[in-house]
Amino acid sequence: GQYDKLPTALHTIEERARHLEGFIRDYARFAKLPGPRRRPVEWSRFVAQLRAQVEFTLDSRVGASTVARIDAAQLEQSLINLLKNAHESGSKPEDVKLVLRRANQAWRIDVLDRGTGMNDAVLANALLPFYSTKRNGTGLGLALAREIAEAHGGRIALLNRDGGGLCVSLTLPD
């Protein structure tokens, strides 16, 4: 007999069903990640494509025509996730930065923000699948970034920055 609560209850069910659908879609994509198809990619073109999808400041320490052998689609998805996280961290848009450089026969890509950073418990668990501190997060974005980095023979690290914020660092071998 509490018909006045029905619209709220139905809205909640609809919202949860939509969230679950997104979760299942993301999980299926994560669970079926194919091995990387590494091809020569010019960094300047790669960064331009990435910039068309998400805003960031670039600090590149490589030449415009420098080429890397990467799976561009996988790395792009990984960096979109990381850059979106940086924007959701509480950073001002101009404080979201992508740093690209060469280091010891590998590529190092850092995504920097000036958000709240992560406490020790979150840092310890953030790369695990399904771990999320976001109300509607699936916990797959950072896990997918880790999976992609490792499939390329690389690694990912999360570090709090001096002065606040986070540095997510991908290291990928040539």
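Notes on the structure in this doc start here.

Conventions used here
- Residues numbered from 1 in each chain as written.
- Predicted model: local features only at pLDDT ≥ 70, side-chain atom pairs only at ≥ 80, totals over all residues.
- Heavy atoms only, no water.
- Phe/Tyr/Trp six-rings, centres within 6.5 Å; stacked < 30°, edge-to-face > 60°.
- Helix = DSSP H or I, 4+ residues; strand = E, 2+ residues; numbered from the N terminus.
- Buried < 20%, exposed > 50% of the residue type's maximum accessible area, 1.4 Å probe, protein only.
- Axes fitted to C-alpha atoms, helices over the stretch in contact; angles between N-to-C directions.
- Parallel < 35°, antiparallel > 145°, perpendicular 65-115°, else oblique.
- Left-handed = near helix turned anticlockwise from the far one by under 90°.
- Contact = heavy atoms within 4.5 Å.
- Nonpolar A, V, L, I, M, F, W, Y, C, P; charged D, E, K, R; others polar.

**What to know about the packing of aromatic side chains**
Move 1: Taken as a whole, this structure holds 2 aromatic pairs when the rule is applied.
Move 2: Seen from their ring centres, Trp 43 and Phe 46 are 5.6 Å apart, and the 85 degrees between their planes marks the pair as edge-to-face. On the criterion of helical spacing, the pair formed by Trp 43 and Phe 46 is a turn pair, its members being 3 residues apart in helix α2 (residues 43–51). Just as Trp 43 is buried, Phe 46 falls in that class too.
Move 3: Ring plane angle 65 degrees and centroid distance 5.3 Å describe the contact between Trp 43 and Trp 107, whose orientation is recorded as edge-to-face.

**Quick look at the packing of α2 against helix α3 (residues 72–88)**
Move 1: In the contact formed by α2 and α3, the axes pass within 10 Å of each other and the chain directions differ by 45 degrees. Here α3 runs oblique to α2, going by the angle between their axes. Remark: the crossing between α2 and α3 carries right-handed chirality. Between α2 and α3, the residues in contact are Trp 43, Phe 46, Gln 49 and Leu 50 and Ala 72, Leu 75, Glu 76, Leu 79, Ile 80 and Leu 83, respectively.
Move 2: Looking at the contact of α2 with α3 residue by residue, the class counts come to 8 nonpolar, 1 polar and 1 charged.

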